[in-house]
Amino acid sequence: MLGLGAAGLVAAPQLQRGMESVLGAVSGKDPTGVSGLLPNGGGFRYYSVASSVPRKGSGDYALTVGGLVERPGRYSLAELRDLPQQRMVRDVQCVTGWRVPRTPFEGVRLSRLLEAAGVRPGAGAVRFTCFDGVYSESLTLKQAMRDDVLVALRMRDKPLSHAHGGPVRLYVAPMYFYKSAKWLSGITVTRDVRPGYWEKRGYDVDAWVGKSNGRDDAPTAA
């Protein structure tokens, strides 16, 4: 029995990774969201609002920065990786109730990209678009300039997988996870906040954990 218990402990991480991989693959072809209801030992649920999402990597990924800026930019995956990286370890909280504690994310501070672009006077918000062709999100400019908002390239100390929104996603540590748009492809500085995919369907635009959407979850960041 002790031997079987030890074998189970050794095999558990591999089994968990296998389950996450299977669920991630299924969710990419499941626009109904039903796959997100399946149990997963890693804690995450996999959501996509598109019927399918193309895969991108070093050869074809690009992130554009434009709108009300002085210097519009375009970054390849390699160029993003060459910029100074910030690592954070925070809980991830979904508005549906599940939480994954102490999840490491690493990437470029969004504020760094906005400062490099030179935000013009009159700008008040930032809009995010994704290469799934459907999803979008927005933050106020003040929110976007926080130190705990990343253009993330790594999660759990590994490159972001496709299922987790890779190769690049937004990570907004103090807000519910729907604000952390997956498969990020565009950053556009705007005059006003433009409601994103879920906000158009009734979710709060300001999605502070524990202070919005009628929930009282413990905050994930100050």
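Up top is the structure.
Because the structure is predicted, anything quoted here is derived from the model rather than measured.

*Asks:* Quick question: what am I supposed to make of the side chain of serine 212 here?
*Replies:* Positionally, serine 212 belongs in the segment after strand S10 (184–190). Overall, serine 212 belongs to the buried group, its relative accessible area being 3%. One polar contact links serine 212 to asparagine 213, side chain to side chain, over a distance of 3.3 Å. Beyond its immediate stretch of four places on either side in the chain, serine 212 contacts Tyr176, Asp204, Asp206 and Ala207.

*Asks:* Can you help me understand the pattern of salt bridges in this one?
*Replies:* Opposite charge on two side chains makes pairing possible when the charged atoms of those side chains draw close. In this structure the tally under the stated criterion is nine salt bridges. Taking the shortest distance from any N to any O, the salt bridge between arginine 109 and aspartate 147 comes out at 3.7 Å. Separated by 38 residues along the polypeptide, arginine 109 in strand S4 (residues 99–109) and aspartate 147 in the loop between helix H4 (141–144) and strand S7 (149–155) bring together distant segments of the chain. A relative accessible area of 28% places arginine 109 in the partly exposed class.

*Asks:* What should I look at first to understand the packing of aromatic side chains in this one?
*Replies:* The geometry of two aromatic rings is summed up by the distance between their centres and the angle between their planes. Applying the stated rule across the entire model yields 10 aromatic pairs. With centroids separated by 6.1 Å and ring planes inclined at 50°, the aromatic side chains of phenylalanine 44 and phenylalanine 177 adopt a geometry described as tilted. Residue phenylalanine 44 is located in the loop between helix H1 (2–27) and strand S1 (62–67), and its partner phenylalanine 177 is located in the loop between strand S9 (169–172) and S10; the two are separated by 133 residues in the primary sequence. Owing to a relative accessible area of 13%, phenylalanine 177 belongs among the buried residues under this scheme.

*Asks:* Can you walk me through the nonpolar core in this structure?
*Replies:* Grouped burial of nonpolar side chains is what soluble globular proteins tend to show. Within the largest apolar cluster, 41 residues are counted, with the highest numbers of intra-cluster contacts made by Leu110 and Ile187. Looking at this core element by element, the count peaks at four residues for helix H3 (residues 110–117). With residues up to four places along the chain from it excluded, the contact list for leucine 110 reads Phe128, Ala144, Val149, Leu150, Val151, Leu170 and Ile187. Residues Leu150, Ala152, Ala173 and Phe177 belong to the second largest nonpolar core, which totals 14 residues.

*Asks:* Help me out: how do you make sense of the pairing of S10 in this one?
*Replies:* The two faces of the sheet receive side chains in turn, since in a regular strand these alternate between them. With six of seven residues buried, S10 lies mostly within the body of the structure. Across four bridges, the pairing between S1 and S10 is parallel. For threonine 64, the partnering residue across the bridge sits in S10 and is glycine 186. As defined by bridge partners, strand S5 (residues 125–130) adjoins S10 across six bridges and the pair is classed as antiparallel. Considered in S10, the bridge of threonine 129 is made with glycine 186.

*Asks:* Would you mind going over the sheet that holds strand S6 (residues 136–140) with me for this structure?
*Replies:* Within a beta sheet, neighbouring strands are joined by backbone hydrogen bonds and run either parallel or antiparallel to one another. Within the open sheet, the five strands sit side by side as S2-S1-S10-S5-S6. Their pairing is mixed. One side of each edge strand has no neighbouring strand; the edge strands of this open sheet are strand S2 (73–76) and S6. Going across the sheet, the axis of each strand differs from the next one's by a mean of 15°, ignoring polarity. When S5 meets S6, the two strands line up antiparallel, connected through five bridges. Note that in S6 the partner of arginine 127 across the bridge is serine 138. Strands in contact with H3 are S1, S2, S5 and S10; relative to S10, the strand with the most contacts, it is inclined by about 55°.

Basis of the calculations
Residues numbered from 1 in each chain as written. Predicted model: local features only at pLDDT ≥ 70, side-chain atom pairs only at ≥ 80, totals over all residues. Heavy atoms only, no water. Helix = DSSP H or I, 4+ residues; strand = E, 2+ residues; numbered from the N terminus. Buried < 20%, exposed > 50% of the residue type's maximum accessible area, 1.4 Å probe, protein only. Polar contact = N/O pair within 3.5 Å; in protein donor to acceptor, adjacent residues only side chain to side chain. Contact = heavy atoms within 4.5 Å. Salt bridge = Lys/Arg side-chain N within 4 Å of Asp/Glu carboxyl O. Phe/Tyr/Trp six-rings, centres within 6.5 Å; stacked < 30°, edge-to-face > 60°. Core = buried A, V, L, I, M, F, W, Y, C linked by side-chain atoms within 4.5 Å. Pairing = 2+ DSSP bridges. Axes fitted to C-alpha atoms, helices over the stretch in contact; angles between N-to-C directions.

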